[in-house]
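# Fold and contact review
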Amino acid sequence: MHEILLSYGYELVDDGWEARGHRTYVHNGKADHQHMVQLEKKIRPAGWVRAQDQMRMFRHKTTSDIIELEPGGTKIGGHFLHHMKWESM
């Protein structure tokens, strides 16, 4: 998953995968509908589907891990992406 996100323009800013089961990435684009559709096309072959019950969230079909997009706010033009292991939540 890490390589897919890097190839799609995400930059790793916090790698707590081994210690906390969590990685945070930043992307300079908006987390709008168009971005979600394009991201979904990139990660679907790896087993990810859009969560039906949460906005800006994907779940892995097998592991139940979560990817959540967080808009950056007024001072950040892009957004954050959090990849979390199911066990860490």
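One can find the structure itself at the top, above this paragraph.
Cut-offs and rules
Residues numbered from 1 in each chain as written. Predicted model: local features only at pLDDT ≥ 70, side-chain atom pairs only at ≥ 80, totals over all residues. Heavy atoms only, no water. Core = buried A, V, L, I, M, F, W, Y, C linked by side-chain atoms within 4.5 Å. Buried < 20%, exposed > 50% of the residue type's maximum accessible area, 1.4 Å probe, protein only. Helix = DSSP H or I, 4+ residues; strand = E, 2+ residues; numbered from the N terminus. Contact = heavy atoms within 4.5 Å. Phe/Tyr/Trp six-rings, centres within 6.5 Å; stacked < 30°, edge-to-face > 60°. Pairing = 2+ DSSP bridges. Axes fitted to C-alpha atoms, helices over the stretch in contact; angles between N-to-C directions.

Counting residues in hydrophobic clusters, the biggest one holds 13 residues, and the most contacted among them are Tyr10, Leu39, Phe58, Ile67, Leu69 and Leu81. The set of elements that each furnish at least two residues to this core consists of helix 3 (33-43) and strand 5 (66-71). Once residues lying within four places of it in the same chain are set aside, the contact partners of Leu39 are Leu5, Tyr8, Tyr10, Phe58, Leu69 and Leu81.

A few words now on the packing of aromatic side chains. Taken as a whole and assessed by the stated rule, the structure comprises 2 aromatic pairs. Each ring, one from Tyr8 and one from Tyr10, has its centre 6.3 Å from the other, and the planes form 35 degrees; the classification is tilted. For Tyr8, a relative accessible area of 19% gives the class buried. A relative accessible area of 3% means that Tyr10 is categorised as buried.

What follows concerns the sheet that holds strand 3 (residues 48-50). Read across the sheet, 6 strands follow the order 1-2-6-5-4-3 without closing on themselves; strand pairing throughout is antiparallel. Looking at strand neighbours, the two that pair on one side only are strand 1 (11-16) and strand 3, the edges of this open sheet. On average, each strand axis in the sheet is tilted by 20 degrees relative to the strand beside it, whichever way the strands run. The sheet contact formed by strand 5 and strand 6 (residues 79-84) spans 6 bridges and is antiparallel. Within strand 6, the residue paired with Glu70 across the bridge is Phe80.

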